[in-house]
Each structure stands twice: as C-alpha cells, then as structure tokens.
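# Overview (structure and organization)
What follows is each chain in one-letter form.
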Amino acid sequence: MSSVSKIFEKYTMTVLETIGAGVLTYGVLHLLALCLVDCDLELTFYSLFGKSPRKLKGKVVFITGASSGIGEHTAKALAKHGVRLVLTARRPNELERVKTECLQLAKNQLGDKDILVIPFDITDLSLHKGVFQQALSHFGTIDILVNNAGRSQRALFEHIDMAVDKQMFELNVFAVVNLTRLAVKHFNEKGAGHVAVVSSLAGVFGVPYSATYTATKHAIHGYFDGLRIEKMGQNIAVTLLCPGPTFTNFLQESFTEKDGQKYGIPAERKDRRMTGERCGQLCAIALANRTQESWMGLFPLMPFVYTAVYFPTVSKIALRLLGPRGLFKMRDSKDIQFDQGKQKL
Ligand SMILES: NC(=O)c1ccc[n+]([C@@H]2O[C@H](COP(=O)([O-])OP(=O)(O)OC[C@H]3O[C@@H](n4cnc5c(N)ncnc54)[C@H](OP(=O)(O)O)[C@@H]3O)[C@@H](O)[C@H]2O)c1
C-alpha cells in the first residue's frame, strides 16, 4: 500500500470515529435529557427560552371543558397574564368558581366582562352556532379555540357496547370537529387564528384497555394534521396538546364498556401523575409558541414516547417485555379493575 493511501485510510478512520463518537454522545445526551424533562424537548426549550403566555395578553381564548382539570388550569395559566376567556362546560356553578379564581389570579388585568361563562352540553351540536355567536357578539372576536372537553375509558375491547363507542366519538371527536369548523370559518374571515385540541399521549401510540378512547384521539390527530396542512401559509395555527396521566377528575369520569356507567375510581395522591397546574402551564406555553404537537408526562413517559415514535422496533420489544398490564400500571399507577373491582383480569 502506498504511503498516500495509508494516510487517506488513517484520516478516513479518524473522521468516521469522530462522527460515530459525536452521534453516540448526541444519543446519550438526548436520552439523559428525556429522563429529566416532563415534556418534549421543543416544549422544554420554549418553556425556558420561548414566548411567555404573557404574549397572549388581551387575546380571546375559548376553552371547552373549563369547569375542572386541564381546561380549568389552562384557563388559570392564561388568566394570570391577562388573557380574556370564554369558559364553557355543563356545570354552571363550577364554571363560575373557575371564573372567580381566574379573576383573582389576573390581579386587576381582567374585569368581570373579560371572562364569559357559557354552560352547554357540547355533544348537542345544534347549540354550537348559538354559543359561538354569543362569544363573538360579546368580544367581537375569538383568537384561539382550545377544544379540551373529553372523557377517557377503562374497558376490555371485546366487551365494549357500540353505544359507548358512539357516545365517545360524539364527545371526543364530532363535537371537537363541529366547533373547530365554526372557528376556522371565523379565522378565515379575519385572516388569522389558532385552533388547539387537548388530545393525549394515547393519540400518539395505542394504549390497552382504552380502545375507543385511543381511537377517538387518533381520529383527532388525523383531522388536525389534515387541517394544519390545508392552512399552511395562512396564519392559522393548529396545535395538538398531548398530556400523559394528569391529576384531574378524568379517571373517575371515564367511560367503561357499559352504556351509562362511569369507571368511578379516583386518582390517588400517591399515583404517578402530572399536576393539573403544571399541565395547564405547559398547555399555555404551547399555545403562546403555536407548537404543532406537544407531549407532556412524567418520567418514564418522554423516553417512552420518543422511542415509540422514532424507534418503533425497540418500542415493540419494550412493549413485549412490559405487557399490556405493565403499560396500564405505568398509566394508572394501579392494576386494571372492571365493574368497580368485582371483575379483575
Ligand atoms: N387527566 C388525564 O390524565 C388526561 C390525559 C390525557 C388527556 N387528557 C384529556 O384532557 C381533556 C380534559 O380532561 P381532564 O383530565 O381535565 O378531565 P376532567 O377534569 O374530567 O375534565 C373534563 C371536562 O370536560 C367537560 N365535559 C365533559 N363532558 C362534557 C359535555 N358533554 N359537554 C361539555 N363539557 C363536557 C367537563 O365539564 P362538565 O362536567 O361541567 O361538563 C370537564 O370540564 C380530555 O380531552 C382528556 O382526553 C386527560
């Protein structure tokens, strides 16, 4: 071998080794970072260096399911910065309580007229036009729609009544789509706007014992991903907010496999869940920065989601080791229970 080719070989190896070491270091640092954060890396970056929800001061944000949980805490995180709000859900007393607490947090940045409460059942699509018009007449505009109202499910796939599937799609999908269409028409007219939906990590990958819920959230991703591409370059943003387990009334309120039944098992303090406050704060940051899709959840969820999305083969192996009940325990911090504990797997 000539001395020229020897030098060439030596430098090629050095370059390849440097690239390999760089890729490995990047991978290890990435994995370490994912173990430390409670949301995806883009949202982590925005929470440290991005736009604060203060940027939305004076804007009008219409939130569904604002009487408790993530909707309530998103409303509060925005009210702190003087964002005007339309709060909707079915329970008027809870909505009034949230309004009072939002006004306290706003510390004179907002007055009584800056928060409008509209109680209504979102599954009654015939009410949507009137409600949206009422909000528009009150504020003259709507800047952001946050579709948050929704319910989960705990059930075995083969036992689920079709009536439950239909009700869950009516609440988690068709109500969202119908209200979003009204908002998008308004945004088209004014040439700007932002629609967001509180989906779930169950919209990013499948979860066991929640088949209909997983399907509704995947359907939402399909609708919103399609809409985002249609609105490219039109100053209309589309955000999918995807929380993992969060402390709210959610588990208790979940559908089961039977029509008319609620899961009825409350989250416990010792459960591994994000607080509603933190989730609301992260949602507000995602809105201020107009992210496309934001994932939120305590360790080990972020490494888990990144693996599921970017390394599906590794994820399949991990799932095989974990099994459906292992994944369920990671989600609910307890084993699955049907019929209030009478029928166990
Ligand atoms: N908590 C979690 O672990 C978690 C994880 C991932 C995603 N999410 C998503 O977060 C969203 C909010 O859930 P949450 O956890 O905050 O639960 P939550 O505390 O039970 O809140 C649900 C909200 O939806 C409203 N709602 C339910 N049915 C309605 C209807 N027919 N018409 C109008 N409003 C209705 C409820 O208000 P009223 O009862 O007053 O109507 C309530 O304000 C859901 O879309 C859920 O899929 C939650």
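This text goes with the structure placed above it.
First things first, this report covers the structure right here in the doc. Values in this document were obtained by computation on a predicted structure and should not be read as measured data.

As a further point, take the overall build of the chain. Looking only at helices and strands, one finds 11 helices and 9 strands in the chain. Once the C-alpha set of the chain is aligned to its principal axes, its extents read approximately 85 × 50 × 35 Å. For the chain, buried positions account for 49% of its 345 residues. Long-range contacts, defined here as pairs at least 24 residues apart, represent 73% of the contacts in the chain between residues at least 6 apart. Summing over all exposed atoms, the chain offers an accessible surface of approximately 16900 Å²; the carbon and sulfur share of this is 59%. For the chain, the distance from the average site of its 42 positive side-chain charges to the average site of its 31 negative ones is 4 Å.

In this section: the pairing of strand β3 (residues 115-119). In terms of residue burial, β3 counts as a mostly covered element, since 4 of its 5 residues are buried. Pairing geometry for strand β2 (residues 84-89) and β3, over 5 bridges, is parallel. Counterpart to L85 in the pairing with β3 is I115.

Turning next to the site of the ligand. Contacts to the ligand come from 30 residues, most closely from R90, R91, N148, Y213 and T248. The contact in question runs from an oxygen atom of the ligand to an N or O atom on the backbone of G65, over 3.1 Å. Between the ligand and K217, the relevant distance is 3.0 Å, taken from an oxygen atom to a side-chain nitrogen or oxygen of the residue. Across the complex, the protein chains shield 95% of the 880 Å² of accessible surface that the ligand would expose by itself. With respect to the pocket detection grid, the ligand is positioned in the largest pocket. Counting only elements with at least two residues in the shell around the ligand, the list comes to α3 (69-79) and α7 (211-230). Of the residues contributing to the shell around the ligand, the split by class is 12 nonpolar, 13 polar and 5 charged.

Within soluble globular proteins, side chains that are nonpolar tend to cluster in buried spots. In terms of nonpolar packing, the biggest core is built from 55 residues, with F62, V86, V195, L201, F205, F224 and W295 touching the most fellow members. Listing elements by their share of this core, those giving two or more residues are β1 (60-64), β3, α5 (128-139), α6 (162-190), β5 (193-198), α7, β6 (236-243) and α10 (301-310). Residue contributions to this core peak at 12 residues, all from α6. Judged by nonpolar contacts, the second largest core, of 37 residues, contains C39, L95, L282 and A286.

Our next topic: the pairing of β2. Taking burial as the measure, the 6 residues of β2 include 5 buried ones, the bulk of the element. Two elements, β1 and β2, share 5 bridges in a ladder whose sense is parallel. Opposite F62, over in β2, you have V86 as the bridge partner. Taking the sense of rotation as the criterion, the β-α-β connection linking β1, α3 and β2 turns out right-handed. Between the parallel pair β2 and β3, the chain is carried across by helix α4 (residues 92-106), and the sense of this crossover is right-handed.

With that out of the way, let us pick up a positive patch on the surface. Together, K51, K55, K59 and R290 give the surface a local cluster of positive charge. Position of K51 among the secondary structure elements: in the loop between α2 (41-49) and β1.

Now for α7. An ideal rise of 1.5 Å per residue puts 28 Å on 20 residues; α7 measures up with 29 Å between its terminal C-alpha atoms. Listing the buried residues of α7 in full gives T212, Y213, T214, T216, K217, I220, H221, F224, L227 and R228.

The next thing to look at is α10. Counting buried positions over the 10 residues of α10 gives 7, a clear majority of the element. Along α10, the residues classified as buried are L301, M302, P303, F304, V305, Y306 and A308. Against α1 (3-36), α2, β7 (293-296) and α11 (312-332) lie the buried residues of α10.

Our focus in this paragraph is the layout of surface pockets. In this approach a probe as big as a water molecule rolls over the atoms, and the regions it shows empty are the leftover space. Computed from the structure, the largest pocket encloses a volume of approximately 1100 Å³. Taken together, 49 residues make up the lining of the largest pocket; nearest its centre are A149, G150, R151, S152 and F250. With 4 residues, the single largest contributor to the lining of the largest pocket is α11. The class makeup of the residues in the lining of the largest pocket is 20 nonpolar, 18 polar and 11 charged.

Criteria and thresholds
- Residues numbered from 1 in each chain as written.
- Predicted model: local features only at pLDDT ≥ 70, side-chain atom pairs only at ≥ 80, totals over all residues.
- Heavy atoms only, no water.
- Helix = DSSP H or I, 4+ residues; strand = E, 2+ residues; numbered from the N terminus.
- Buried < 20%, exposed > 50% of the residue type's maximum accessible area, 1.4 Å probe, protein only.
- Contact = heavy atoms within 4.5 Å.
- Areas by Shrake-Rupley, 256 points an atom, 1.4 Å probe, with all protein chains shown as cover.
- Lys, Arg positive; Asp, Glu negative; His and termini not counted.
- Charge placed at Lys NZ, Arg CZ, Asp CG, Glu CD.
- Pairing = 2+ DSSP bridges.
- Near = heavy atom within 4 Å.
- Polar contact = N/O pair within 3.5 Å; in protein donor to acceptor, adjacent residues only side chain to side chain.
- 1 Å grid on protein atoms, 1.4 Å probe; cavity = no way out; pocket = protein on both sides within 12 Å on 5 of 7 lines; lining within 4 Å.
- Sits in = over half its atoms within 2 Å of the grid points.
- Nonpolar A, V, L, I, M, F, W, Y, C, P; charged D, E, K, R; others polar.
- Core = buried A, V, L, I, M, F, W, Y, C linked by side-chain atoms within 4.5 Å.
- Right-handed = clockwise from strand over helix to strand, strands pointing away.
- Patch = residues over 30% accessible without salt bridge, like charges linked within 9 Å, V, L, I, M, F, W, Y side chains within 5 Å.
- Salt bridge = Lys/Arg side-chain N within 4 Å of Asp/Glu carboxyl O.
- Expected span 1.5 Å × (residues − 1).
- Points joined across faces, edges and corners; volume = space filled by probe spheres on them.

What is shown is where atoms sit, not what they do.
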